[in-house]
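Remarks on the overall topology
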Amino acid sequence: KGTHISTVLENTNATDLEHYYKSDFTTDRDKRKRNEYAVDKFMDILSFPWDFKNDSIEEVVMISAIEHFKKSDAVNIIKEIKKVLIPGGRLVIDFPDIKKDIELYYDTNPEFCFELIYCNQSDSESLHRWGYNKINFTGLLGEGWKSIEFRTIVKHDYPMTGCIAIKD
């Protein structure tokens, strides 16, 4: 949304998973900026069905995104992802690790802890509407996956849980 988004073909300096942030985490986190987002198609993710053929997409990547949707919307997003991925296609996703956020920051930096849990609320999209852990996210994914692996996807300066799910 906005002018910070460009298509992959238009911007060779767009964000990739190895270089998600412009500045190193050791610098002042208030000055940290993300690169431009790389997208293949602009769309309303909540407008179902998506404008893709079934079994036509090799990979869907969602970084720091699924937690911004209501649980009921996330259910439909995952169903749609599963529908459009080819057999063997990958869902690459991450979301805040709320347990680690609390363990690390609740007593030492509660303001930062609450921002990680509830987001900064700087605008209507900067809200976390639901939270996930490995158990309930696996439940959200449901059946139809050859493998589900939890690991780091993008280096963040706060705890995140990453997941790569391969469609049957």
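Data block above holds the structure.
Residues numbered from 1 in each chain as written. Predicted model: local features only at pLDDT ≥ 70, side-chain atom pairs only at ≥ 80, totals over all residues. Heavy atoms only, no water.

**Comments concerning the overall build of the protein**
Short version of the rule: Working definition: helices are DSSP H or I runs of at least four residues, strands are E runs of at least two. Numbering for both runs from the N terminus. Residue burial is assigned from relative accessible area. The probe radius is 1.4 Å, only protein chains are included, and a residue is buried under 20% of its type maximum, exposed over 50%, and partly exposed in between. Whether two residues touch is decided by their heavy atoms; if any such pair falls within 4.5 Å, the residues are in contact. Each accessible area is a Shrake-Rupley estimate made with a 1.4 Å probe; only the visible protein chains count as cover when residues are assessed.
Check the secondary structure of the protein and you find four helices and six strands. Secondary structure elements of the protein occur, N-terminal to C-terminal, as β-β-β-α-β-α-α-α-β-β. A buried classification covers 39% of the 168 residues belonging to the protein. Across the protein, the fraction of contacts at a sequence separation of at least 24, relative to all contacts at a separation of at least 6, is 67%. Taken as a whole, the protein presents about 10,500 Å² of accessible surface, with 51% of it coming from carbon and sulfur.

**Looking at the sheet that holds strand S6 (residues 160-167)**
Note the cut-off: Strand pairing is assigned whenever DSSP identifies at least 2 bridges connecting the two strands. Orientation is described by axes fitted as lines to C-alpha atoms, over the contacting stretch for helices, and by angles from 0 to 180 degrees between their N-to-C directions.
Ordered by their spatial adjacency, four strands build an open sheet running S3-S4-S6-S5, and the pairing between neighbours is mixed. Only two strands of the sheet have a single partner each, and these edge strands are strand S3 (57-62) and strand S5 (145-150). Strand-to-strand, the axes of this sheet are offset by a mean angle of 10°, without reference to chain direction. One ladder, built from five bridges, connects S5 with S6; its direction is antiparallel. Pairing of tryptophan 145 across the sheet is with lysine 167, part of S6. Contacts between helix H1 (residues 71-84) and the sheet are confined to S3, strand S4 (85-96), S5 and S6, with S4 contributing the most and set at about 150° to the helix. On top of the sheet, helix H4 (residues 134-141) reaches S4, S5 and S6; it is set at about 160° to S5, its chief contact.

**What about the pattern of salt bridges?**
Pairing is possible between side chains of opposite charge, provided their charged atoms come close. The test is simple: Should a side-chain nitrogen of Lys or Arg be within 4 Å of a carboxyl oxygen of Asp or Glu, the pair is scored as a salt bridge.
Scanning all chains against the criterion turns up four salt bridges. The salt bridge partner of arginine 90 is glutamate 59, with a shortest N-O separation of 2.8 Å. Pair noted here: arginine 90 is in strand S4 and glutamate 59 is in strand S3, with a separation of 31 residues, a long-range link. Taking the relative accessible area as the measure of exposure, glutamate 59 reaches 38% and is therefore partly exposed. Between glutamate 149 and arginine 151 there is a salt bridge, with the nearest N and O atoms lying 3.6 Å from each other.

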